[in-house]
Amino acid sequence: MIFGFFLVFLVFGGPNGWASSFTDEVGRRVDLQGPPRRIVSLAPNITEILFRLGLDEEIVGVSLHCNYPEKAKTRPPVGSYIRLDFERILSLRPDLVIATGAGNTREMVKRLEAFGLPVYVVFPKDFDGVLQSILNVGQVVKREKEAAEVVSDMRKRKERIREVTEGLPRPRVFLQVGEAPIVTVGKGSFGNDLIRLAGGENIAGQEKQMYPRIGIEEILKRAPEVILVSSMNPDGDYEKVIREWKRWKTIPAVKRNRVHLIDSDLVDRPAPRIIEGLEQMARLFHPERFKGALQKEQGKVSIAK
Amino acid sequence: MMDLRSVSFRYREDWVIRDLSFRVERGEFIGIVGPNGSGKSTLLKLLYRLIAPQRGKIFIDGIDLGAMSRSEIARKMAVVAQETQLLFPFRVIEVVLMGRSPYLGHLMFESQKDLEIAKKVMAWTEVLPFADRLLDELSGGERKRVLIARALAQEPEIMLLDEPTASLDIHHQIDFLDLIHSLNRERRLTIVMASHDMNLASEFCDRILLLQGGRIHSVGSPQEVITKESIEEVYGCKVWVDENPVSGMPRITLLKKEGR
Amino acid sequence: MTKPKIMGPLNLPDPPKAIPRIVTLGRVLLVSALLGGLLLLVIVFSVLLGSARVDPRRSIEMMLRMLVGFPSGGTETEEAILFSIRFPRVLLAGVVGAGLSVSGAAFQALLRNPLADPYILGVSSGAAVGAISAILMGLGALSLATPLIASLGALLTILAVFYFGRQDGRIHPHTLLLAGVIIGSFLSALIMFFISISPKEELRTIIFWLMGDLSIANYRAIGVIVPYVVLGFVSLYLHARPLNLILSGEEHAVQLGVDVERLKRTCYFSASLITAASVSVCGLIGFVGLIIPHSVRLLLGPDHRLLLPASGLLGASFLVASDTVARTLLAPVELPVGVITAAFGGPFFIYLLKARKVVRTI
C-alpha cells in the first residue's frame with residue numbers, strides 16, 4: 001500500500017473559483033469543485049476527525065456505528081462497513097464522501113464513483129499515520145489550521161509519554177479484542193503500535209496477522225504482566241470476561257490484579273482520541289510514574305479487584 | 001403378429017430369458033405364467049422394448065422391434081402396469097389424455113380429436129363419471145380402469161398386462177378381466193398378460209405360456225399346459241388339478257404338505 | 001373452488017373461478033397474462049419503494065417517460081436511485097426468482113421427489129466454490145469475472161455429478177441424488193475451509209454471497225445471465241408434456257413413447273444451467289425454488305405446460321416482493337433476502353397445505 005502523503009495543488013480557476021485536485025491515501029485522485037459543504041462519512045473515525053476539525057452542518061451523513069461526539073448520532077446513518085445504503089447516500093446529495101481503507105471495500109468506492117461522487121479514502125496504519133490522516137482531511141475540507149493544532153497537541157502528548165517511559169522496563173502486555181474466540185492485536189494493528197508507544201511489549205507483537213487468534217495455553221506460556229480487555233461490544237458483560245481471566249492464577253497479570261478494561265473506541269479507532277487511549281495505556285503500564293494523573297481519570301477504565 | 005426368435009436376455013451375469021422363441025397371432029389372448037423369477041415381467045419388458053435382448057430378435061408384423069422408434073412402438077402396443085406413482089396426482093381426464101402422447105409428437109397441446117378419443121375410451125372403461133377427479137381419490141380398481149383407458153387411448157393393436165389383478169379385490173378382478181375379455185373379443189385387441197394367478201389365466205386365455213428359469217416349459221391351450229405334472233415340476237409343490245365346474249377349464253387347488 | 005389470496009405487501013383480487021379442466025393453450029396464455037400482470041405491478045411498486053424517499057408520482061412519470069424513450073425529467077439523483085439502484089435490483093430479483101422456481105419444478109419432476117430444490121444436486125455448492133475462489137483472489141463480488149467463475153464451478157459440478165450418477169449408461173434418480181448430495185457435501189466442506197482462512201474483508205463479502213445478496217445487481221451481470229435462463233426455460237418448456245409423463249414413472253413414460261434417457265439428459269442439463277445462471281451473480285437464495293413450484297401445483301395442478309411458466313412468473317413476483325421488503329423494512333439496515341423468503345413463504349405455504357389437498361407422500 002502506498003503512503004500517498006503528498007498533496008498536489010492544481011488550481012483550475014474558472015467561474016466557480018476554488019477547485020482542487022487531491023491524491024488520497026490509497027493513491028487515488030480526487031477532484032473537488034469547491035470546498036466541501038455536504039460531507040458523508042463512512043466510518044466512525046472519520047466522523048470524529050471531521051467534528052474535531054470544527055465541521056458540523058457540513059456533515060450530512062454518517063455510518064451506523066458513529067457514536068462520538070453525541071452530535072454524530074443526530075445525522076442520518078447511511079450504512080455500515082458491511083453494507084452501504086446507496087440510495088440514502090445519493091439522496092443526501094453529498095459533494096464529498098470520505099471512506100476508510102480499513103473497512104469500506106474497493107467495490108463500495110467504485111460504485112460511489114460510478115454515481116459521480118468524489119470519494120476520498122483515508123488509510124492510516126499506525127499512530128503517526130493517524131496524525132497524517134488528520135492533516136490530509138484537514139486539507140481537503142479546508143480546515144488546515146485546526147488540523148495542525150490537533151496534530152500538534154497529539155504530538156506533544158505522545159512526546160511526553162515517551163520522555164516519561166524512556167528507559168523503563170517494558171511490561172509484557174496482552175490486549176484482548178475478541179471474546180470468543182480470543183483475538184488479540186498483532187503486527188500492523190493500531191493496538192500493537194499503541195502498546196509500543198506506551199512503553200509496553202505486546203506478547204503477540206511478532207504475529208504476522210493483524211488480529212491473530214491465540215489459544216489460552218500460548219497466553220499462559222507468554223505470561224503477560226498486564227492484560228487489557230477492549231470493550232468492542234457495547235452491551236458486553238465485561239465483568240464476566242475479567243472473571244474468566246481470574247481462573248488462570250498463574251498469569252502474572254492476574255496475580256497482581258492488573259487486568260483492566262479499556263474503551264476500544266480509544267485504542268482501535270484511528271481518530272484524535274487515540275492519544276487518550278495511548279495515555280491510558282501508559283498509565284496502566286507504568287502506574288508508578290503517573291500517580292497524580294490517576295485522579296483526573298476520565299473514560300472507561302476500571303481497575304479489577 | 002408378434003414373433004420372438006431365439007430371444008435371450010440378462011441383466012448382469014445370469015441369463016434371465018434363455019433362447020426363447022414364440023409367436024402370437026392377432027386377436028389372441030395369451031397368458032404368461034410361471035414362478036417368481038421365471039422371467040414373466042422381463043419378457044413383457046422385452047416386448048415393449050423397455051429393455052433389449054442381447055441375443056435374438058422380436059418382430060411385430062414383420063418389422064424388427066429394434067428398428068422401430070419409441071412412438072411407433074407406443075402406437076402399436078400399450079402397457080397396463082402394476083403401479084403408477086401418485087407423487088403429484090393428475091386428474092383422470094389428464095391421465096387418459098397422456099395415452100395420446102405417441103400421436104402428438106412435438107405438439108404441446110392435445111386437439112379436439114384427442115379429447116373425443118379420450119372421452120370414448122373413458123366411456124368404455126366406465127370411468128367417465130370420474131373424469132374430473134384426482135387419481136389418488138379413486139379406489140384401486142377404478143385406478144386400474146383409468147390405466148386401461150389410457151392404454152386404449154393409445155389406439156394399440158396389442159395390449160400388455162403385467163400382473164393386472166395383483167392387489168385387486170375379487171369383484172374388481174372379475175370386472176377387470178371381463179373388460180379385457182370383451183376388448184379382446186369385440187375389438188380384436190391382442191392381449192398378452194403376465195400373471196401369477198393361473199386359474200384366472202386358465203379362464204380367460206386362449207393360450208398359455210408356462211415359463212421355467214427363463215425358458216418355455218410348455219405352451220398351448222390351458223388344458224394342455226395346466227396339468228398336475230407340469231405344475232408340480234415347475235413350481236415344486238403338490239397341486240390338485242381338476243375342471244372348473246362352471247366353465248370346464250382347468251382349475252388348480254393347492255394342497256397342504258403331507259402330515260399336517 | 002376459490003383460490004386463496006396471495007399474501008404479501010399487495011392485496012390482489014381473486015383470480016377467475018371458472019377453470020377449465022385440462023390445460024390448453026388458451027389457459028396457459030390466460031394464466032401467464034394474469035401472473036405477468038401481477039409481476040408488472042410488483043415491479044412498479046418495488047421501484048417506487050426504497051430507503052430514500054422519491055415522490056411516487058414523479059417516479060411513475062419518470063418510468064413512463066423512460067419507457068417511451070424520452071429523458072426522464074428527474075434530477076440526476078432521482079434517476080440514479082430509480083434506474084441505477086432500484087431497477088437493476090428488481091430486474092435481477094425477477095430473473096433469479098423465475099429461474100430458481102422453474103428449475104426447482106423441473107428437479108422435482110425429474111427426481112420425483114417433493115423435497116427437491118434447485119440446489120439438490122450440488123450445483124449451487126459448485127457455484128459457491130467458484131464465487132468464493134474469485135472473491136479470495138481479490139476479484140470482488142461486483143466484477144463480471146466472479147459470476148463467470150461461479151458458473152464454471154457450477155458446470156464442473158454438474159459434469160461430476162452426472163459422471164458419478166450414471167449406472168449402466170443410464171441416469172437413475174436415486175444414484176444421481178446420492179452423487180449430488182455427496183459431491184455437495186464435499187464442496188460444502190471446501191467452502192467452510194475457505195471461510196476459515198479468509199481475511200476479514202473478504203469474509204464479509206463471502207458470507208453475504210452465501211446468504212444471497214441482490215445488492216450487487218448491475219445491468220451487465222443481468223445481461224449475462226438472462227440468455228441462459230431463457231434458453232433453459234425454452235428447452236424445458238419444449239419438454240413440458242413428456243415431463244408430465246415421467247411423473248407416473250419412467251417405465252410408464254417409455255411405453256407411452258418417450259425417449260426417457262434423452263429427456264432426462266436434456267432436462268437435467270437445462271435445469272442445472274438455469275440454476276447455475278441464477279446463482280452465479282447473487283449467491284444462494286433459498287426457499288424460492290422449493291415452495292413456489294409446490295404452491296403453483298396446489299393452485300393450478302401439476303401439468304408442466306402450466307406449471308413451468310406459472311412458477312417462473314410467480315417466483316419472479318415473490319422474490320421481487322421479498323427483496324423489496326428486505327431492503328425497506330429496517331432501512332438503512334438490509335436484511336438478507338433469504339430471511340424474508342422463509343418468513344413470508346413459510347406461513348403462506350402452510351396455509352396452502354391446510355386449504356388444499358397436498359402431495360400424497362408428504
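Given the structure is predicted, the values throughout are model-derived calculations rather than measurements. (Residues numbered from 1 in each chain as written. Chains lettered and ligands numbered in written order. Predicted model: local features only at pLDDT ≥ 70, side-chain atom pairs only at ≥ 80, totals over all residues. Heavy atoms only, no water.)

Along any regular strand the residues' side chains alternate between the sheet's two faces. Residue and element names in this part refer to chain B. Counting buried residues in strand β7 (residues 158-162) gives 5 out of 5 residues, a clear majority hidden from the surface. Bridge analysis of strand β6 (residues 77-80) against β7 gives 4 bridges, and the strand direction is parallel. Within β7, the position partnered with V80 by the bridge is L161. Taken together, the 5 bridges between β7 and strand β8 (residues 190-194) define a ladder with parallel strand orientation. Looking at β8, one finds that I158 is bridged to T190. Handedness of the crossover is the feature at issue here: the chain leaves β7, passes through helix α7 (residues 170-187), returns alongside β8, and the resulting connection is right-handed. (Buried < 20%, exposed > 50% of the residue type's maximum accessible area, 1.4 Å probe, protein only. Helix = DSSP H or I, 4+ residues; strand = E, 2+ residues; numbered from the N terminus. Pairing = 2+ DSSP bridges. Right-handed = clockwise from strand over helix to strand, strands pointing away.)

Overall, the coordinates contain 10 cavities of 30 Å³ or more when judged by the stated rule. In this structure, the largest cavity spans a volume of roughly 520 Å³. Taken together, 31 residues make up the lining of the largest cavity; nearest its centre are R83, L84, F86 and R111 of chain A together with S215 of chain C. Every element with two or more residues in the lining of the largest cavity is listed here: α2 (86-91) and α3 (106-114) of chain A together with α3 (76-110), α7 (200-211) and α13 (304-328) of chain C. In terms of residue class, the lining of the largest cavity is built from 14 nonpolar, 7 polar and 10 charged. (1 Å grid on protein atoms, 1.4 Å probe; cavity = no way out; pocket = protein on both sides within 12 Å on 5 of 7 lines; lining within 4 Å. Points joined across faces, edges and corners; volume = space filled by probe spheres on them. Nonpolar A, V, L, I, M, F, W, Y, C, P; charged D, E, K, R; others polar.)

As a further point, take the arrangement of the chains. With 2 pairs of chains in contact, the largest contact count belongs to chains B and C. These two, chain A and chain B, are apart from each other, with no contact and a minimum C-alpha gap of 43 Å. (Contact = heavy atoms within 4.5 Å.)

Turning next to the pattern of salt bridges. All names here are of chain B. What the rule picks out here adds up to 53 salt bridges over all chains. One salt bridge in this structure joins K76 and E157, with 3.5 Å as the shortest N-O distance. A residue pair is termed long-range when its members are at least 10 positions apart, and K76 in helix α2 (residues 70-76) and E157 in the loop between α6 (140-153) and β7 qualify at 81 residues. Taking relative accessible area as the criterion, K76 reaches 18% and is therefore assigned buried. (Salt bridge = Lys/Arg side-chain N within 4 Å of Asp/Glu carboxyl O.)

On inspection of all chains with the given rule, the structure shows 8 aromatic pairs over all chains. Plain terms: the ring middles of F162 of chain C and Y268 of chain C are 5.4 Å apart, the flat faces sit at 65 degrees to each other, and that makes the pair edge-to-face. Placement of the pair is F162 of chain C in helix α5 (residues 145-165) and Y268 of chain C in helix α11 (residues 260-282), with a sequence separation of 106 residues. Aromatic rings pair up to connect F107, F162 and Y268 of chain C into one cluster. Cation over ring: R273 of chain A sits above Y68 of chain A, and NZ or CZ is 3.5 Å from the ring centre. One cation-aromatic arrangement involves R75 of chain B over Y103 of chain B; the distance from NZ or CZ to the ring centre is 5.9 Å. (Phe/Tyr/Trp six-rings, centres within 6.5 Å; stacked < 30°, edge-to-face > 60°. Lys NZ or Arg CZ within 6 Å of the ring centre and 35° of its normal.)

A few words now on the packing of helix α5 (residues 144-165) of chain A against helix α11 (residues 274-285) of chain A. All names here are of chain A. In contact at an axis separation of 10 Å, α5 and α11 are set at 10 degrees when each is read in the N-to-C sense. Here α5 is positioned roughly parallel relative to α11, judged by the angle of their axes. The handedness of the crossing between α5 and α11 comes out as left-handed. The segment α5 lies against α11, with M154, R157, K158 and I161 engaging I274, I275, E276, L278, E279 and A282. Here the contact of α5 with α11 is composed, by residue class, of 6 nonpolar, no polar and 4 charged. (Axes fitted to C-alpha atoms, helices over the stretch in contact; angles between N-to-C directions. Parallel < 35°, antiparallel > 145°, perpendicular 65-115°, else oblique. Left-handed = near helix turned anticlockwise from the far one by under 90°.)

Moving on: the interface of chain C and chain A. Of the residues lining the interface, 26 residues belong to chain C; the matching set on chain A comes to 21 residues. Carbon and sulfur atoms make up 54% of the area that chain C and chain A hide from each other, which totals about 2,000 Å². The interface formed by chain C and chain A includes 4 salt bridges. When the shortest N-O distance is used, the salt bridge between R83 of chain A and E334 of chain C registers 3.3 Å. For the side of chain C that touches chain A, the secondary structure elements donating two or more residues are α3 and α7 of chain C. No other element matches α3 of chain C, which puts 6 residues into the side of chain C that touches chain A. In terms of residue class, the side of chain C that touches chain A is built from 12 nonpolar, 7 polar and 7 charged. (Buried area = accessible area lost by both parts, 1.4 Å probe.)

All names here are of chain A. With 22 residues, α5 extends 32 Å between its outermost C-alpha atoms, agreeing within 8% with the 32 Å of an ideal straight helix rising 1.5 Å per residue. Burial in α5 covers these residues: A147, V150, V151, M154, K158, I161, V164 and T165. Down the axis of α5, the sector holding all buried residues measures 155 degrees, keeping them to one side. Exposed positions of α5 whose direction lies more than 90 degrees from the buried face are K145, E149, K156, R160 and E163. The positive-phi residue at the C-terminal boundary of α5 is G167, with phi of around 80 degrees. (Expected span 1.5 Å × (residues − 1). Arc of directions from axis to C-beta.)

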